[in-house]
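Letter by letter, the chains look like this.
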Amino acid sequence: MATRHAKEPGKQPARQDAKAKLLEAALATIRTKGYAATSVDELCAAAGVTKGAFFHHFKSKEALGVAAADHWSQTTAEMFAAAPYHDHADPLARVLAYVAFRKALLKGGVPEFTCLVGTMVQEVHETSPAIRDACDRSISTHAKTLEADIEAAIAARKMKPDWSAASLALHTQAVLQGSFILAKAKGGAEAAADSIDHLIRYIELLFGATPR
């Protein structure tokens with residue numbers, strides 16, 4: 001690849017730029033219209049690239065869906081890794097601050113704060129195993145980032161619960177994804193914010209913490 005890049009200066013960056021534009025267009029368009037209602041032509045128009053460029057990078061719309069899920073995972077992982085909820089000394093405070101951080105992201109229109117992979121998997125879990133698996137990988141990998149803090153909070157309070165840190169971490173994602181469905185159904189973030197507040201109360205009750 002390095003040799004090819006040396007022989008064709010300027011061409012590889014352009015191709016990479018087209019791919020990046022298509023992925024960013026997918027994030028915006030699919031969250032607005034859904035996966036099924038988004039066409040390859042619309043993605044190309046939104047990205048400002050040709051259909052030939054699309055099929056140079058992706059053999060099908062499904063392949064684009066898988067790549068978009070992975071791209072979503074990468075970009076959101078960077079944002080969450082740098083988020084301020086990690087700064088709390090107490091692990092339970094970190095978990096609660098994470099949930100509060102998710103509530104703070106409920107800004108703008110519904111497509112701006114809802115989840116790409118949650119949107120796609122609701123549509124294609126039966127029809128596209130490849131996209132379903134990519135969405136599961138995204139949600140489950142993100143949930144795992146909470147497990148260490150939950151485990152530490154359990155240990156700090158000398159708890160012996162009949163549930164696991166992994167199950168609670170996944171439950172947070174179930175509530176968050178459900179809150180996005182409510183936001184879509186009701187056309188705004190208010191119901192989603194209420195659901196997230198209930199999640200905070202639930203976690204506080206689980207750990208016997210003093211409510212906010």
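Here, every reference points to the structure presented above.
What you see is a predicted model, and the numbers here were worked out from it, not measured in a lab.

What counts and what doesn't
Residues numbered from 1 in each chain as written. Predicted model: local features only at pLDDT ≥ 70, side-chain atom pairs only at ≥ 80, totals over all residues. Heavy atoms only, no water. Axes fitted to C-alpha atoms, helices over the stretch in contact; angles between N-to-C directions. Helix = DSSP H or I, 4+ residues; strand = E, 2+ residues; numbered from the N terminus. Parallel < 35°, antiparallel > 145°, perpendicular 65-115°, else oblique. Left-handed = near helix turned anticlockwise from the far one by under 90°. Contact = heavy atoms within 4.5 Å. Nonpolar A, V, L, I, M, F, W, Y, C, P; charged D, E, K, R; others polar. Buried < 20%, exposed > 50% of the residue type's maximum accessible area, 1.4 Å probe, protein only. Salt bridge = Lys/Arg side-chain N within 4 Å of Asp/Glu carboxyl O.

Q: Sorry, what's going on with the packing of helix α5 (residues 61-81) against helix α8 (residues 116-124) here?
A: The relative placement of two packed helices comes down to the angle between their axes together with the axis-to-axis distance. Viewed as axis vectors pointing N to C, α5 and α8 meet at an angle of 150°, and their least axial separation amounts to 9 Å. Of the possible angle classes, the one that applies to α5 and α8 is roughly antiparallel. Relative to α8, the crossing made by α5 is left-handed. Here G65, A68, A69 and W72 of α5 come into contact with α8, specifically with L116, V117 and M120. Looking at the contact of α5 with α8, its residues break down into six nonpolar, one polar and no charged.

Q: Where do I start with the environment of I154 in this structure?
A: With respect to the helices and strands, I154 occurs in helix α9 (residues 129-156). By relative accessible area, which is 9% here, I154 ends up buried. The sequence separation of I154 and A165 amounts to eleven residues, and the corresponding C-alpha distance is 8.3 Å. Apart from residues lying up to four places away in sequence, I154 is in contact with M159, P161, W163 and F207.

Q: Sorry, what's going on with the pattern of salt bridges here?
A: For side chains of opposite charge, pairing can occur when their charged atoms come near one another. Counted by the stated rule, this structure contains nine salt bridges. Of the charged contacts, one joins K51 and D41 as a salt bridge, the two residues approaching to 3.2 Å between their closest N and O atoms. Placement of K51 in helix α4 (residues 51-57) and of D41 in helix α3 (residues 40-47) is noted, with a sequence separation of ten residues between them. Assessed through its relative accessible area of 47%, D41 is described here as partly exposed. One salt bridge connects R157 with D90, and the closest N-O pair in it is separated by 3.4 Å. In this pair, R157 is assigned in the loop between α9 and α10 (165-186) and D90 in the loop between α5 and α6 (91-104), connecting sequence segments 67 residues apart. Assessed through its relative accessible area of 30%, D90 is described here as partly exposed.

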